Amino acid sequence: AWCLSYALQYLTGDLLSGGGGRIDTIVANVQAADPDASQSAALSTAYGNFFGEFVGIESNGFALGGENSRWIWVIAFTFLVNFVLIYRGITKGIEKFCRLAMPLMVLLALIVLVRVLTLGTPDAANNPEGSVINGLGFMWNPNVEKLRDPQTWLAASGQIFFSLSVGFGIIINYASYLRRNDDVVLSGLTSSSMNEFFEVCLGGLITLPAAFIFLGVAAGEQGTFGLGFIALPNVFTLMPGGGLVGFLWFFMLFLAAITSSVSMLQPFIAFLEEGFGLKRHASVALLGLIAAMGSAFVLYFSAGLTALDTFDFWVGTFLIYILAMFQCVLYGWILGIDEGERSAHEGAHMKIPRFVQYLLKYVTPLYLVAIFVPFCYFNMPGYVKSISEKPVTQYSLAFLAALLGFLLLMIHIAGRRWDAQGRFND
């Protein structure tokens, strides 16, 4: 919804400097507060303020009132699209949408990429180093010092987990719909390689060189939100044709986000249908209720994005590592790599090298532990401190605890039901 809102605000001119929209008002306020600030510094600050104002970072409930409340309909629309696609099922909903969305994403990304790679050196007189070539070098040239930094490996692992949906149960859920002789080796190779193509060859080649051209090495210090919603809008406003490029970029991100979010919803739908025998409309309605409660919680407790950060840390990072480790041990030590290799090669036209199985059994668990321990060391103290100091963090954890208890109860009931049906004997 954020991405779609930003795309629409490029059409209205609110996000483009000089268009007479909201960003110009914020720039004027920044310059009034700091008359000595340069135009570029004022723009950078203004886009940060714009994002904070847009998500209601200053106070709880801010996004639900005042001028920002007009974007609630975008959130409602995005929510509705997700559940319409889920309701239509995998073939008629998710698959049909992705067949349209994926090629459109490639087309939009290529248009933006061509524009970025043809920027040359936009401000050669004042910033001769700000060129596409130097931007590509900034992206691709290895930095040995960064490779020695544990935080680099933590960030890279977290990115891969999210990018390939490792630990979410999504891949397992989709694989359950395949026939026994379907080529899962080719499917796995296609999924992972296409994912990296989108991320690195399209997304990375657009974001990092473009940000470097206009912002210099500071582009590498931006976080996900900072680069996507603050740095890049600043870049687009300085770029010739930036209004169109900005719209195409954020609309492409909207499509990418939708294809990801519907995939995250599908496993729970499958659980409700197979675990309780619910019809599609009932399972979609129940999941929609839970998702609406969580979304409303994050939307209301917007101050400092504390609720969102809490959900992201404990669910989207901490528990994902736990689940990934659990799945890894199940495959390597419970199912066994011999059985796993045999199952994978049924109907496969390519052979997975044997050493990969040993990596999955021995190296991957050790790597996950090696990543998880320093991750907890660096991050856990800050979140524990946040629990004691911020009531919203406590509310968020209470919400998650209640939801987890509800889900565990449902899993227990579904397990008893399957046991009575004799499904565990299969």
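Residues numbered from 1 in each chain as written. Predicted model: local features only at pLDDT ≥ 70, side-chain atom pairs only at ≥ 80, totals over all residues. Heavy atoms only, no water.

Looking now at the overall build of the protein. Across its full length, the protein holds 15 helices and zero strands. Relative to the globule expectation of 22 Å for 426 residues, the C-alpha radius of gyration of the protein, 23 Å, shows essentially globular dimensions. The dimensions of the protein, computed from C-alpha atoms along their principal axes, are 75 × 45 × 45 Å. Each of the 426 residues in the protein was classed as buried or not, and the buried ones make up 39%. Partitioning the intrachain contacts of the protein with sequence separation of at least 6 by distance along the chain shows that 73% fall at a separation of at least 24. Here the protein displays about 22500 Å² of accessible surface, and carbon together with sulfur accounts for 67% of that area. (Helix = DSSP H or I, 4+ residues; strand = E, 2+ residues; numbered from the N terminus. Rg over C-alpha atoms; globule rule 2.2 N^0.38 Å. Buried < 20%, exposed > 50% of the residue type's maximum accessible area, 1.4 Å probe, protein only. Contact = heavy atoms within 4.5 Å. Areas by Shrake-Rupley, 256 points an atom, 1.4 Å probe, with all protein chains shown as cover.)

Tyr6, Phe236, Trp249 and Phe250 are the most contacted members of the largest nonpolar core, which has 73 residues in total. At 15 residues, the largest contribution of residues to this core is made by helix H4 (residues 72-117). Dropping the residues within four chain positions of it, Phe236 is found in contact with Tyr10, Leu16, Gly242, Val245, Gly246, Trp249 and Phe250. (Core = buried A, V, L, I, M, F, W, Y, C linked by side-chain atoms within 4.5 Å.)

As a further point, take the packing of helix H14 (residues 354-389) against helix H15 (residues 391-421). Interaxial distance between H14 and H15 falls to 5 Å at its minimum, and their mutual angle equals 105 degrees. In terms of orientation, H14 and H15 fall into the roughly perpendicular class. Side by side, H14 and H15 meet where Ser386, Ile387, Ser388 and Glu389 of the first sit next to Pro391, Thr393, Gln394 and Leu397 of the second. Class assignment of the residues belonging to the contact of H14 with H15 gives a composition of three nonpolar, four polar and one charged. (Axes fitted to C-alpha atoms, helices over the stretch in contact; angles between N-to-C directions. Parallel < 35°, antiparallel > 145°, perpendicular 65-115°, else oblique. Nonpolar A, V, L, I, M, F, W, Y, C, P; charged D, E, K, R; others polar.)

Examined against the element boundaries, Phe212 turns out to sit in helix H9 (residues 184-215). With a relative accessible area of 12%, Phe212 lands in the buried category. Sequence-distant contacts of Phe212, defined by excluding residues within four places in its chain, comprise Glu129, Ser131, Asn134, Gly135, Phe138, Val217 and Ala219.

Our next topic: the environment of Ile230. Along the chain, Ile230 falls in helix H10 (residues 224-238). Sequence-wise, Ile230 and Asn49 are 181 residues apart; in three dimensions their C-alpha atoms are separated by 8.8 Å. The contacts of Ile230, once residues within four sequence positions are left out, are Ser44, Tyr47, Gly48, Phe51 and Phe225.

Let's shift gears to the packing of aromatic side chains. Enumeration over the complete set of coordinates arrives at 32 aromatic pairs. Ring plane angle 35 degrees and centroid distance 5.9 Å describe the contact between Phe251 and Phe254, whose orientation is recorded as tilted. With a gap of three residues between them, Phe251 and Phe254 both fall in helix H11 (residues 242-276), about one helical turn apart. When the ring of Phe297 is compared with that of Phe311, the centres are 5.7 Å apart and the planes differ by 10 degrees; the resulting orientation is stacked. You can see Phe297 sitting in helix H12 (residues 280-300) and its partner Phe311 sitting in helix H13 (residues 306-344), a full 14 residues away along the chain. Taken as a pair, Phe297 and Phe311 share a single burial class, namely buried. (Phe/Tyr/Trp six-rings, centres within 6.5 Å; stacked < 30°, edge-to-face > 60°.)

Turning our eyes to something else, we now look at H4. End to end, H4 covers just 36 Å across 46 residues, shorter than the expected 68 Å (1.5 Å per residue, more than 12% under). If you look at H4, its biggest bend is around 155 degrees, right at Gly89. (Expected span 1.5 Å × (residues − 1). Bend = angle between axes of the 7 residues up to and from the residue.)

Time to look at unusual backbone geometry. Although it is not a glycine, Leu305 sits at a positive phi angle of roughly 55 degrees. As for its placement among the helices and strands, Leu305 is situated in the loop between H12 and H13.

The next thing to look at is the confidence of the model for the protein. Averaged over all residues, the pLDDT of the protein is 87; the fraction at 70 or higher stands at 99%. The least confident element of the protein is helix H7 (residues 150-163), whose mean pLDDT is 77; the most confident is H12, at 94. (pLDDT = per-residue confidence, 0-100.)

In this section: the packing of H13 against H14. Remark: H13 packs on H14, axes separated minimally by 10 Å, with the N-to-C direction vectors making an angle of 160 degrees. Classified by the angle their axes make, H13 and H14 are roughly antiparallel. Note that H13 runs across H14; the crossing there is left-handed. (Left-handed = near helix turned anticlockwise from the far one by under 90°.)

What follows concerns the side chain of Thr317. As for its position among the elements, Thr317 is in helix H13. Taking the relative accessible area as the measure of exposure, Thr317 reaches 16% and is therefore buried. Residue contacts for Thr317: discarding those within four places in its chain leaves Asp312 and Phe375.

So, about the pattern of salt bridges. According to the stated counting rule, one finds nine salt bridges in the structure shown. Linking Glu95 and Arg99 is a salt bridge whose minimum nitrogen-to-oxygen distance equals 2.8 Å. Residue Glu95 and its partner Arg99 are located together in helix H4, separated by four residues, close to a single helical turn. The shortest N-O distance in the salt bridge between Arg354 and Asp338 comes to 2.8 Å. With Arg354 in helix H14 and Asp338 in helix H13, this pair connects stretches of sequence that are 16 residues apart. Look at Asp338 and you get exposed, because its relative accessible area is 53%. In the salt-bridge network here, residues are joined through shared partners; they are Asp338, Glu341 and Arg354. (Salt bridge = Lys/Arg side-chain N within 4 Å of Asp/Glu carboxyl O.)

A few words on the side chain of Asn195. Residue placement: Asn195 occurs in helix H9. Under the relative-accessibility criterion, Asn195 is labelled buried at 17%. Excluding its chain neighbours within four sequence positions, the residues that come into contact with Asn195 are Ser163 and Leu164.

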